[in-house]
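# A closer look at the structure
One-letter residues, chain by chain:
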Amino acid sequence: LKFPVISFNAIILILIGAFLNIIALFWFYKGLQVGTVSVVSPISSAYGAVTVILCLIFLNEKLNALQAVGGSLAILGTIIVSFKLHDLAKLKLKNISSGVKYGLIAMLGWGIFFAFMKPLVNDLGWFFPPLLIKTLGVFYVLAYASTAKKDISFPKNAALFIILLGIIETIGFLFIGAGISLEQTAIVAPVSSTYPIITI
């Protein structure tokens, strides 16, 4: 793979995209910390709907009836199976509301982020945009940790797990980039947003 010439517009999109992805990740984990998985995960995984709306409006993508129904069912089905009614029944309203706002921020962040991917993939190919965004994200985290005086050290016995997690997530992003290079983002995003089903 030959490293492409990156235009100024692409640089701006990469900087914003990496920032949106990190913000979404931060608030997603914050939601899990203060709220509950049964609330935060289904909300954040609805980012596919946000991406579809943005792609249809701003990127001039078009879906036929079958694609629209399929995408809607994928997003709706993921949300439904992610909610654990047994857990929700035991929750207090305060716990639910505290997780909702963080889940919504993550949903919007990822929804906008994946809409940014299409012009980047069109300009730079499927491989480099996800890789550059993930790499830049590491620098964002390090810069934040340094500025906010946050300790980001972790136990040595967790190092292998964290490295493996990073590699798997990056591979996932690369496959999304490959998908966007072959198909409309409005189709790829709802499919990628079904990730909670694998976890469940």
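Below or above, wherever it landed, is the structure these notes cover. No experiment lies behind these values; they were computed from the predicted model shown.

## Considering the packing of helix α8 (residues 159-182) against helix α9 (residues 185-192)
Relative orientation of the contacting elements α8 and α9 amounts to 150 degrees, with a least axis distance of 8 Å. The angle between α8 and α9 falls in the class roughly antiparallel. α9 is crossed by α8, and the crossing has right-handed handedness. For the pair α8 and α9, contact is made by Ile176, Gly179 and Ile180 and by Thr185, Val188 and Ser192, respectively.

## Focus on the side chain of Ser41
Position of Ser41 relative to the elements: it lies in helix α2 (residues 37-44). Taking relative accessible area as the criterion, Ser41 reaches 11% and is therefore assigned buried. Excluding its chain neighbours within four sequence positions, the residues that come into contact with Ser41 are Phe28, Tyr195 and Pro196.

## Some thoughts on helix α3 (residues 47-58)
With twelve residues, α3 extends 16 Å between its outermost C-alpha atoms, agreeing within 8% with the 16 Å of an ideal straight helix rising 1.5 Å per residue. When we look at burial in α3, the residues that qualify are Tyr47, Gly48, Val50, Thr51, Val52, Leu54 and Cys55.

## What about the side chain of Lys134?
Secondary-structure assignment places Lys134 in helix α7 (residues 128-147). By relative accessible area, which is 14% here, Lys134 ends up buried. Other than its neighbours up to four places away in sequence, Lys134 contacts Asn21, Glu169, Thr170 and Phe173.

## With respect to the environment of Ala115
In this fold, Ala115 is placed in helix α6 (residues 93-124). Sequence-wise, Ala115 and Val141 are 26 residues apart; in three dimensions their C-alpha atoms are separated by 22 Å. Sequence-distant contacts of Ala115, that is, excluding residues within four places in its chain, are made with Thr51, Leu54, Cys55 and Leu59.

## Some points on α9
Burial runs high along α9: six of the eight residues are buried. Of the residues making up α9, those classed as buried are Thr185, Ala186, Val188, Ala189, Pro190 and Ser192.

## What about the layout of surface pockets?
The gaps of empty space that remain are located by a probe, the size of a water molecule, rolled over the atoms. Here the largest pocket is characterised by a volume of approximately 2,100 Å³. Along the walls of the largest pocket sit 46 residues, with Leu25, Tyr29, Lys134, Leu165 and Glu169 positioned nearest its centre. Looking at the lining of the largest pocket, the elements with two or more residues in it are α1 (8-34), α2, α6, α7, α8 and α10 (195-199). Take the lining of the largest pocket: its biggest share by element is eleven residues, from α8.

## Some points on the packing of aromatic side chains
In this structure the tally under the stated criterion is 13 aromatic pairs. Ring centres of Phe113 and Phe114 lie 4.9 Å apart, and the angle between their planes is 65 degrees; this geometry places the pair in the edge-to-face category. We classify Phe113 as buried; its relative accessible area is 0%. Judged by its relative accessible area of 4%, Phe114 falls in the buried class. With a centroid separation of 5.7 Å and 55 degrees between ring planes, the pair formed by Phe113 and Phe173 is classed as tilted. On the criterion of sequence distance, the pair formed by Phe113 in helix α6 and Phe173 in helix α8 is long-range, its members being 60 residues apart. Each of the two residues, Phe113 as well as Phe173, counts as buried. Here a set of aromatic residues connected by ring pairs shows up, and it is made of Phe28, Tyr29, Tyr47, Trp110, Phe113, Phe114 and Phe173. Its guanidinium or amino end placed over the ring of Phe173, Lys134 lies 4.5 Å from that ring's centre, counting from NZ or CZ.

## Comments concerning the nonpolar core
Residues Trp110, Phe113, Phe114, Met117 and Ile133 are the most contacted members of the largest nonpolar core, which totals 33 residues. Every element with two or more residues in this core is listed here: α1, α3, α6, α7, α8 and α9. With eleven residues, α6 is the single largest residue contributor to this core. Sequence-distant contacts of Met117, defined by excluding residues within four places in its chain, comprise Pro130, Ile133, Gly177 and Ile180.

Cut-offs used in this document
- Per chain, residue numbering runs from 1 following the sequence as it is written.
- Only residues with pLDDT of at least 70 are given local features in this predicted model, and only at 80 or more are side-chain atom pairs given and counted; all residues enter the totals for whole chains, interfaces and linings.
- Note: side-chain values were computed over all heavy atoms of the structure, leaving out hydrogens and water.
- Interaxial angle, 0 to 180 degrees, is taken between N-to-C directions of lines fitted to C-alpha atoms, where a helix line uses only the stretch in contact.
- Strands are runs of DSSP state E lasting at least 2 residues, helices are runs of H or I lasting at least 4, and numbering of each runs from the N terminus.
- An angle below 35 degrees is treated as roughly parallel, one above 145 as roughly antiparallel, one from 65 to 115 as roughly perpendicular, and anything else as oblique.
- The hand of a helix crossing depends on one turn: near helix anticlockwise from the far one by less than a right angle means left-handed, and clockwise means right-handed.
- Only heavy atoms matter for contacts: two residues are in contact if any of them lie within 4.5 Å across the pair.
- Throughout this description, buried means an accessible area under 20% of the type-specific maximum (1.4 Å probe, protein chains only), exposed means over 50%, and partly exposed covers the range between.
- Expected span of a helix: the number of residues minus one, times 1.5 Å.
- Buried and open spaces are told apart on a 1 Å grid over the protein atoms alone, a cavity being a set of points where a 1.4 Å probe fits but cannot get out and a pocket being an open set with protein on both sides within 12 Å along at least five of seven lines. Residues with an atom within 4 Å of a point are the lining residues.
- Grid points are joined across faces, edges and corners, and a volume is the space filled by probe spheres set on the points.
- Centres within 6.5 Å make a pair out of two Phe, Tyr or Trp rings, where for Trp the six-membered ring is used; the pair is then stacked when the planes are under 30 degrees apart, edge-to-face when over 60, and tilted otherwise.
- In our convention, an over-ring charge means Lys NZ or Arg CZ found within 6 Å of a ring centre and within 35 degrees of that ring's normal.
- Side-chain atoms within 4.5 Å link the members of a nonpolar core, which is a set of buried Ala, Val, Leu, Ile, Met, Phe, Trp, Tyr and Cys residues.

In short, shape yes, function no, at least from these values alone.
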